[in-house]
Amino acid sequence: MMRFRNHLKTLVASIHSKPQAWPEENLSLATKDRGGYYSPSSRATLHARYTILRKLGWGQHSNVWLAKDRQMSMWLSRFSQHTRQRCRGKLHARERSWRKSNSKDPVQNIRALPMFLACAIILILLALNHGNHLCLVTDVLGSTLLSLRDQLGGGGFPTRLVKKIASQCLLALDFLHSECEVTHTDLKLDNIHISSLSVTEALKQEKSVPDTIDSQEPVISRPIATITPDEAKDPGTNIQVKLTDFGTAAFFNGTHADVIQPVALRAPEVIIGCGWDQRADIWNLGCLVFELLTGRWLFNPRAGESYSPEAYHLAHMAPLVDSDFDPSFVRRGRKYDEYFFENGELRLRANGAKNIEAILGIYNIDESELPLCASFLRAMLRLNPVERERAKELLQHEWLKI
């Protein structure tokens, strides 16, 4: 028993000697240690204009706070960047979106910018704790589609809701591709936020849970509740989403990273190393639409004893769309020899894999809509990116209209 007590004392002492885990972002870490997060005092006012009210969330590079604009009587989010270099792509993409709007007044850009694209309307450089912070002022966003799916129990969304979300994402991509010449490169459920149609009304519906803002302790995030699970199931619900996070966005004529996109949503040209352009976003969205409809990934790359996750991924693409890879296209890839024989055939075949119609038939997709739904997905999931339809063309697809 004595030995056990001594061991327990040693264990407790070791725990107390280690830094304690923070429930959210670690405010004590300096920027050089991948920290540098902003921590406000209660009711702090920034730039003599924006009063901080509560924290909405945080991520790898920043935290986000709800603020009230004292000059314009508008609700805004203040997106605090703690390192300028790591958000350069994000800022450049947002700046180009801002410049493409028609308004000369930065604050009025909240209405001039595309409805379904979340962009900064004001950039502010402030000297705060941990040095300079680059603050992006945006309109207020609520929770993500990933969060909403979790609230719905992890399954698929109602088909009518998916159509609304897909249409709005296509409008955002059309603006990015056609007007800004920017590829997003990172479409996923947690980069699509639900916009609050009325922040004031949303706040009235909440239970009053005041924040205690202490510059030494992290404040628990409280996103604005923009839609309830019951509302999401209602076909008549008016939902508005916005595409966010331009941290890895790339200009058409800019530097292109070799690898982009979430693994399961990665386009074939990226895997093979053929080079990519804005049409990689279209593939990415096709995978997301399937995920919204079913609650499952369209592809689930995994390794076997004799093949890589990438080879497995490619092997399941061809039967999905009932088409082989075009040898003249894939031969341009840096990794052609790794995945293809000399004659252009895949080294790994997924025998017995189902096509998109058969897979959709497993889920609760209305049989009367299934052919058009499959047609819509096929238009985005063509193996040769040159053959994929553009966002503007996809917006005219019949499935979105029925």
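Structural data are supplied above this passage.
First things first, this report covers the structure right here in the doc. Since the structure is predicted, the reported quantities are computational estimates derived from the model, not experimental observations. (Residues numbered from 1 in each chain as written. Predicted model: local features only at pLDDT ≥ 70, side-chain atom pairs only at ≥ 80, totals over all residues. Heavy atoms only, no water.)

Right, let's talk about the pattern of salt bridges for a bit. Per the counting criterion, the structure on display carries 14 salt bridges. Two residues, lysine 392 and aspartate 174, come together in a salt bridge whose shortest N-O distance is 3.2 Å. Placement of lysine 392 in helix α15 (residues 391–394) and of aspartate 174 in helix α5 (residues 159–180) is noted, with a sequence separation of 218 residues between them. Taking relative accessible area as the criterion, lysine 392 reaches 43% and is therefore assigned partly exposed. Owing to a relative accessible area of 14%, aspartate 174 belongs among the buried residues under this scheme. Between arginine 378 and aspartate 322 there is a salt bridge, and its shortest N-O distance comes to 2.6 Å. (Salt bridge = Lys/Arg side-chain N within 4 Å of Asp/Glu carboxyl O. Helix = DSSP H or I, 4+ residues; strand = E, 2+ residues; numbered from the N terminus. Buried < 20%, exposed > 50% of the residue type's maximum accessible area, 1.4 Å probe, protein only.)

To continue, consider the packing of helix α9 (residues 279–294) against helix α14 (residues 370–380). Axis separation between α9 and α14 bottoms out at 7 Å; the angle between their running directions is 150°. Here α9 lies roughly antiparallel to α14, going by the angle between them. Contacts from Ile282, Trp283, Leu285, Gly286, Val289, Phe290 and Leu293 of α9 reach α14 at Cys373, Phe376, Leu377 and Met380. Among the residues making up the contact of α9 with α14, the classes are represented as 10 nonpolar, 1 polar and no charged. (Axes fitted to C-alpha atoms, helices over the stretch in contact; angles between N-to-C directions. Parallel < 35°, antiparallel > 145°, perpendicular 65-115°, else oblique. Contact = heavy atoms within 4.5 Å. Nonpolar A, V, L, I, M, F, W, Y, C, P; charged D, E, K, R; others polar.)

Another aspect to go through is the packing of aromatic side chains. Evaluated as defined, the whole model comprises 7 aromatic pairs. Pairing tyrosine 37 with tryptophan 58 gives two aromatic rings, centres 6.0 Å apart and planes at 85°, and the pair type is edge-to-face. You can see tyrosine 37 sitting in the loop between α1 (2–17) and β1 (45–46) and its partner tryptophan 58 sitting in strand β2 (residues 50–58), a full 21 residues away along the chain. Residue class for tyrosine 37 comes out buried when judged on its relative accessible area of 5%. An angle of 90° between the planes, with centres 6.1 Å apart, marks the rings of phenylalanine 290 and tyrosine 363 as edge-to-face. Of the two residues, phenylalanine 290 is situated in helix α9 and tyrosine 363 in the loop between α13 (356–362) and α14; the sequence distance between them amounts to 73 residues. One aromatic cluster is present, formed by Phe325, Tyr336 and Phe340 through successive ring pairs. (Phe/Tyr/Trp six-rings, centres within 6.5 Å; stacked < 30°, edge-to-face > 60°.)

With 81 residues, the main nonpolar core has Leu145, Phe157, Leu285, Val289, Phe325, Leu360 and Leu377 as its most contacted residues. Among the elements that make up this core, the one with the highest residue count is α5 (11 residues). With sequence-adjacent residues up to four places away left out, leucine 377 is seen in contact with Gly286, Val289, Phe290, Ile356 and Leu360. Ranked by size, the runner-up nonpolar core spans 11 residues in total, among them Ala44, Ile52, Leu76 and Val137. (Core = buried A, V, L, I, M, F, W, Y, C linked by side-chain atoms within 4.5 Å.)

Either a parallel or an antiparallel arrangement is found when strands of a sheet pair, and the pairing is made through backbone hydrogen bonds. The strand order β7-β9-β10 describes an open sheet built from 3 strands, whose pairing is antiparallel. Across the chains shown, the open sheet's two edge strands, defined by having one partner strand only, are β7 (141–144) and β10 (241–243). When the angles between neighbouring strand axes are averaged without regard to direction, this sheet yields 40°. Bridge analysis of strand β9 (residues 192–195) against β10 gives 3 bridges, and the strand direction is antiparallel. Residue pairing in the sheet places isoleucine 192 in a bridge with leucine 243 of β10. (Pairing = 2+ DSSP bridges.)

Let us look at the environment of cysteine 274. Within the fold, cysteine 274 resides in the loop between α8 (268–272) and α9. A relative accessible area of 13% places cysteine 274 in the buried class. Sequence spacing of cysteine 274 and glycine 333 is 59 residues, and the spatial spacing of their C-alpha atoms is 4.0 Å. Not counting the four nearest positions on each side in its chain, cysteine 274 is found in contact with Glu269, Phe329, Val330, Arg332 and Gly333.

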